[in-house]
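This is what each chain is made of:
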Number of protein chains: 2
Amino acid sequence: MQQFINSKESLVTEAIDGVLRTAGGRLARLDGYPHIKVVVRTDWDASKVALVSGGGSGHEPAHAGFVGQGMLTAAVCGDVFASPSVDAVLAGILAVTGKAGCLLIVKNYTGDRLNFGLAAERARARGLKVSMLVVDDDVALPELPQARGVAGTLFVHKIAGALADQGADLDTVATAAARVIGGLASIGMSLDTCTVPGSPKEDRIGPGKAELGLGIHGEAGVEQVDFAGARAAMEMVVDRLAPRVGPGPHVALLNNLGGATPLEMSVLAEELARSKLGEQIRWMVGPAPLMTSLDMQGFSVSLLPVSKADEAALLAPVAPWAWPGCLPVGTAEVLPMPDGLSPIPPMPSRDPATADFLKSCCAILIAAESDLNALDAKSGDGDTGSTLAGAARSLVDAMDRLPLADHTQLYRAIGQELSQTMGGSSGVLLAIFFAAAGDASAAGQDHVGALRAGLDRIRQVGGAAPGDRTMIDALAPALEALPDGMANAAAAARKGAEVTATITRARAGRATYLTADKLAGHNDPGAEAVARLFEHLAARLQVAQ
Amino acid sequence: MQQFINSKESLVTEAIDGVLRTAGGRLARLDGYPHIKVVVRTDWDASKVALVSGGGSGHEPAHAGFVGQGMLTAAVCGDVFASPSVDAVLAGILAVTGKAGCLLIVKNYTGDRLNFGLAAERARARGLKVSMLVVDDDVALPELPQARGVAGTLFVHKIAGALADQGADLDTVATAAARVIGGLASIGMSLDTCTVPGSPKEDRIGPGKAELGLGIHGEAGVEQVDFAGARAAMEMVVDRLAPRVGPGPHVALLNNLGGATPLEMSVLAEELARSKLGEQIRWMVGPAPLMTSLDMQGFSVSLLPVSKADEAALLAPVAPWAWPGCLPVGTAEVLPMPDGLSPIPPMPSRDPATADFLKSCCAILIAAESDLNALDAKSGDGDTGSTLAGAARSLVDAMDRLPLADHTQLYRAIGQELSQTMGGSSGVLLAIFFAAAGDASAAGQDHVGALRAGLDRIRQVGGAAPGDRTMIDALAPALEALPDGMANAAAAARKGAEVTATITRARAGRATYLTADKLAGHNDPGAEAVARLFEHLAARLQVAQ
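Residues numbered from 1 in each chain as written. Chains lettered and ligands numbered in written order. Predicted model: local features only at pLDDT ≥ 70, side-chain atom pairs only at ≥ 80, totals over all residues. Heavy atoms only, no water.

Caption draft 1: Focus on the packing of aromatic side chains. As enumerated under the stated definition, the model contains eight aromatic pairs over all chains in all. Ring geometry for Phe 433 of chain A against Phe 434 of chain A: centres 5.2 Å apart, planes inclined by 85 degrees, an arrangement best described as edge-to-face. Clustering of aromatic rings is evident, with ring pairs tying together Phe 4 of chain A together with Phe 227 and Phe 299 of chain B. A cation over a ring is seen here: Arg 29 of chain A above Tyr 33 of chain A, with NZ or CZ 3.4 Å from the ring centre. (Phe/Tyr/Trp six-rings, centres within 6.5 Å; stacked < 30°, edge-to-face > 60°. Lys NZ or Arg CZ within 6 Å of the ring centre and 35° of its normal.)

This is the structure in structure tokens:
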């Protein structure tokens, strides 16, 4: 599988450089590449207790993403899924530890324990106060004496970080961190394995299956279970956590293992809040990628009982953006729908001349049905005629409901009718046309001004311009010519409609997908409809004169 | 492909509920499920200009994730990759728009334009001031008249949001937003397509290929290109953007399309900063998932020229966590390595009795080499004897360098020697043992106290306890009995070592992976080594007496 990397060897150092570049000057690294990869705060006050964590890379944003005020002082990064060396850890400790000492927060993997452990000894031999705590929050393997350290580690960073930031001494910070570790319980579930750079992807999880109780390095889970959707998945996870959860309020950390989409994670958050532990979960961190396993499509839940003191430490704001905050979990607030969604029904009024005018326009469109369908069959799905004729028939049926005597209201009412009876893009566009014309009429424009306002609006909303092979190619010149009389307008519309037969590259609407030879020689059906309408109106006017 | 959802139909509403639950009370929704999915701020001040955006779902955190102080007032969410209805958009507008009016920010897709456009007309007919702007930042298809709206939309939300938050009027907000839209340029690249819930995944991008210029709905890219790593990928993207970039400082938005890992995104950030446009990129937003395309393994870059006024609007803090901030791009700051990484070499001193003692211990381990290897072959890779004998030979060779007359320094020096000459976990653990013993000796402990301190530390760091089938099973009882004489200690060590042959479930070290029948009847080689050492010391003492 391909990845956006340059080489497996340079991956971690280049990624760390990218993190530093985009941290706004908050972070720096030690000059020990490629062997020593240590990210430190630039704004560090060495009179406070330093917090140093780290481990293999591939868990981003952990750990470099959590370096900053209120969380870690330094992160010691190994290669992907590989513990950093003793020298790297020692460099991290020495770089940030002052008289207040240093707390090492280590996830429970042999390599990390040993390398951080020996580095701690060396730092102590230099006279530094160093405490080390091992996080073992994974409850997936209850019979294993060495529970793994997973995403619950973030709670240790946060609570110890808040205390250190407040100036607490090493004993106080370490005691609080140890208490947090003692209360933690985490478990993960995944639908897929992760892709380790430079290695072929392991295809371990079959269709219809999920792994429950996996680690953060692609280790196989405790068991493969049948996957039956988000709710059942969260229930299984909650069932494993429940025996470890005492009474009282808890905080949950909902971690994206890397490859789950935000949509999936939000559904899982909802399921966690609805679960049998939901009542006890008063705060949530995430859902967010916090302790990932490269691109693993999975999640983990970590739970921690919350005392009053922990609450303040959890809620304290921090500098690292990767920490999404710890927020109270509530019900989803639902506001009533606003008034005014239903259109104001127009007050019907009678005006025989206007009724006749409208009916005759409708008759023209009804009569043009099969011609327009035939034209549309050349460039579309052959329904323009039926769509327009259907709308025209509906308008005739609605005649008694229309405010015929008030042209401003009539424009709006026609727009309203069309939006309800005419499907597709053209219905929406004509509804917008008449609504905008009504607004312009209300603002004092005459018919020409109102219709031009409608045209302007559909050009803006629809994005089509003259020459794009749409009805606008007939409508725009017609409205341009209308002040010089309906006959001129009709001639201009006809000319515009004929020009569409020479436009072999449509620039708006469905015809954009067609090739030139499909379009040449046929008028755009919308433009043709407009031309026929104006020609009818000109003839009608001539008869009346 | 499986996903953590319950059903395609309930996906978006359940996800929105999850977003609301975990927003700490900042967000609410309108009571229009399932058809109307509108997320609004609960802390909204309707005397300000409202910003409403939205579109199809599947782009999370856009758009609901950007609702909040300083950005959007409401997000109107469609189903996955489907525009919301006119009614939904109208509901959103009516819910949040006061006398100051409303700006609709719409990405350039026909459905969104039409539905937002008609909703705007309806809101205007209700007397509301509504402006609508269409974002068309995608430069992938320069000959297309309708450029798509992609991640650059976030800049519009941010800059218009800052102005609206400051109380600017609708004209001012809309003018600034239009100016931002005019300056935007974006393009994306992907190594894989996205997985649309309920649909099989399209397998369009072959091995060794990438798609350049794709949209955010899994539309095919402008072209498939050969993929040659992160640097070449970013160069291609920058080459497409460069012709659209004028002089002066720019801000870049580096967007994760969903499925790229944070490691990949950080490498891409580094490459963007190093690119030929890097000099002009003074600020960066991300790398972060901002406008995703479900789980697409890709990224996009959006560029915007930055005026002084825009700079303030870009940098203004906002409530939504999904906005990662806009930070100055710098070089990666490199700090010198700390002093003290190299261990302080001990001052050699002579003490013939201590030298004899050490040499005789080493001789025992060297003599036991093949026996211990044979034992280890039952439970490991058969090298415990060689490892210990090799360390012992090195220690004999180092005898002249050791501070033999100062037992505190001697413990530390032995730890140092072992960490340099002895590989593997056991080397680190013995190094820790002697370093901790040295610290305890420095603190005034006698030999028994010092050795017990060493034991305590390796139990903490290594995580093994008595009964776990390790050297501790002999060492712990031996140190327990040592105050009663070396003979008692030796007997206790021997008894402990023999017990390991009955421990058929190892709980630490490599033997944890072995089954009971492989372990039964054989002493743990580490415990056996300890027993032989104590037996030797007891015999030596008896001879001396």
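Caption draft 2: Seen up close, the nonpolar core. Of all hydrophobic cores here, the largest spans 99 residues; its most connected members are Leu 103 of chain A together with Phe 299 of chain B. The biggest single contributor to this core is helix H4 (residues 153-165) of chain A, with eight residues. Grouped together as the second largest cluster of nonpolar side chains are 98 residues, Val 225, Leu 272 and Leu 277 of chain A together with Ala 162 of chain B included. (Core = buried A, V, L, I, M, F, W, Y, C linked by side-chain atoms within 4.5 Å. Buried < 20%, exposed > 50% of the residue type's maximum accessible area, 1.4 Å probe, protein only. Helix = DSSP H or I, 4+ residues; strand = E, 2+ residues; numbered from the N terminus.)

Caption draft 3: Seen up close, the pairing of strand E3 (residues 50-57) of chain A. Residues and elements named next belong to chain A. Burial of E3 is extensive: eight of the eight residues sit out of reach of the surface. Where E3 and strand E5 (residues 102-107) come together, four bridges link them in parallel fashion. Across the sheet, the residue bridging to Leu 51 is Leu 103, located in E5. Both E3 and strand E4 (residues 74-80) contribute to a ladder of five bridges, which runs parallel. Within E4, the residue paired with Val 52 across the bridge is Ala 74. (Pairing = 2+ DSSP bridges.)

Caption draft 4: Geometry of the interface of chain B and chain A. Across the contact, 124 residues belong to chain B and 124 residues belong to chain A. Taken together, the two surfaces of chain B and chain A that pack against each other cover about 10,200 Å², and 62% of this comes from carbon and sulfur. Three residues, Phe 4, Arg 21 and Trp 321 of chain B, lead the burial of chain B against chain A; their summed loss comes to 10% of the area buried on that side. Put simply, Arg 21 of chain A and Glu 270 of chain B hold a salt bridge, and the shortest N to O gap is 2.9 Å. On inspection of chain B and its partner chain A, the count reaches 43 residue pairs in polar contact (both at pLDDT 80 or more). Take the side of chain B that touches chain A: its biggest share by element is eleven residues, from helix H7 (residues 262-274) of chain B. Considering only residue class, the side of chain B that touches chain A consists of 65 nonpolar, 31 polar and 28 charged. Sheet analysis places strand E14 (residues 333-335) of chain A next to strand E1 (residues 27-30) of chain B, joined by three bridges and oriented parallel. When the bridges of E1 of chain B are listed, Val 334 of chain A appears paired with Arg 29 of chain B. (Contact = heavy atoms within 4.5 Å. Buried area = accessible area lost by both parts, 1.4 Å probe. Salt bridge = Lys/Arg side-chain N within 4 Å of Asp/Glu carboxyl O. Polar contact = N/O pair within 3.5 Å; in protein donor to acceptor, adjacent residues only side chain to side chain. Nonpolar A, V, L, I, M, F, W, Y, C, P; charged D, E, K, R; others polar.)

Caption draft 5: How the structure looks around the packing of helix H2 (residues 86-96) of chain A against helix H3 (residues 110-125) of chain A. Residue and element names in this part refer to chain A. Following both chains from N to C, one finds H2 and H3 inclined at 50 degrees, their axes separated by 8 Å at the closest point. As far as their axial angle goes, H3 and H2 are oblique. Classified by chirality, the crossing of H3 by H2 is right-handed. From H2, Val 86, Asp 87, Val 89, Leu 90 and Ile 93 reach across to H3, where they touch Asn 115, Phe 116, Leu 118, Ala 119, Ala 120, Arg 122 and Ala 123. Among the residues forming the contact of H2 with H3, the class breakdown is nine nonpolar, one polar and two charged. (Axes fitted to C-alpha atoms, helices over the stretch in contact; angles between N-to-C directions. Parallel < 35°, antiparallel > 145°, perpendicular 65-115°, else oblique. Left-handed = near helix turned anticlockwise from the far one by under 90°.)

Caption draft 6: The relation of the copies chain B and chain A, seen in detail. Superposing chain B onto chain A takes a rotation of 180 degrees combined with a translation of 0.0 Å along the rotation axis, leaving an RMSD of 0.2 Å. Taken together, the rotation angle and the small translation identify this as a two-fold axis. Residue Gly 259 of chain B, judged by its C-alpha, is the member of chain B lying nearest the rotation axis, at 3.0 Å. Looking at chain B, 100% of its interface residues are interface residues in chain A too, so the copies touch through the same face. (Least-squares fit on C-alpha atoms with pLDDT ≥ 70 in both.)

Caption draft 7: Layout of the sheet that holds strand E10 (residues 250-256) of chain B. Residue and element names in this part refer to chain B. With mixed pairing, the seven strands of this open sheet are ordered in space as E9-E8-E7-E12-E10-E11-E13. In this open sheet, the two strands that pair with only one neighbour each are strand E9 (223-226) and strand E13 (326-328). For this sheet the average axis-to-axis angle between neighbouring strands, irrespective of direction, equals 25 degrees. Two strands pair when backbone bridges link them, and strand E7 (residues 185-190) and strand E8 (residues 209-212) are joined in this way by two bridges, in the antiparallel orientation. Across the sheet, the residue bridging to Met 189 is Leu 212, located in E8. Contacts between helix H6 (residues 229-241) and the sheet are confined to E7, E8, E9, E10 and strand E12 (298-305), with E7 contributing the most and set at about 155 degrees to the helix.

Caption draft 8: Representation of helix H8 (residues 308-315) of chain A in the model. Of the residues making up H8 of chain A, those classed as buried are Asp 310, Glu 311, Ala 313 and Leu 314 of chain A. Looking at the packing, one finds that the buried side of H8 of chain A touches H4, helix H5 (170-183), strand E10 (250-256), strand E11 (281-288), strand E12 (298-305) and strand E13 (326-328) of chain A.

Caption draft 9: Focus on the domain arrangement of chain A. Along its sequence, chain A is organised into domain 1 (11-195 + 204-326) and domain 2 (352-544). Its C-alpha centre places domain 1 of chain A at a distance of 63 Å from the equivalent point of domain 2 of chain A. (Domains from an automatic or database assignment.)

Caption draft 10: Spatial organisation of the pattern of salt bridges. All names here are of chain A. Scanning all chains against the criterion turns up 56 salt bridges over all chains. The salt bridge involving Arg 179 is made with Asp 310; its shortest N-O contact spans 2.9 Å. Residue Arg 179 is located in helix H5, and its partner Asp 310 is located in helix H8; the two are separated by 131 residues in the primary sequence. With relative accessibility at 43%, the residue Arg 179 sits in the partly exposed group.

Caption draft 11: Representation of the pairing of strand E2 (residues 38-41) of chain B within the structure. Residue and element names in this part refer to chain B. Burial along E2 is two-sided: Val 38 and Val 40 and Val 39 and Arg 41, pointing in opposite directions, are all buried. Bridge analysis of E1 against E2 gives three bridges, and the strand direction is antiparallel. Following the sheet pairing, Leu 27 is matched in E2 by Arg 41.

Caption draft 12: Highlighting the sheet that holds E13 of chain A. All names here are of chain A. Read across the sheet, seven strands follow the order E9-E8-E7-E12-E10-E11-E13 without closing on themselves; strand pairing throughout is mixed. Lying at the two open borders of the sheet, with one neighbouring strand each, are strand E9 (223-226) and E13. Ignoring which end each strand starts from, the neighbouring axes of this sheet average 25 degrees apart. The pairing of E10 with E12 spans seven bridges and is classified as antiparallel. What sits directly across from Ala 252, in E12, is Leu 303. Taken strand by strand, helix H6 (residues 229-241) contacts strand E7 (185-190), strand E8 (209-212), E9, E10 and E12, and its axis lies near 155 degrees from that of E7.

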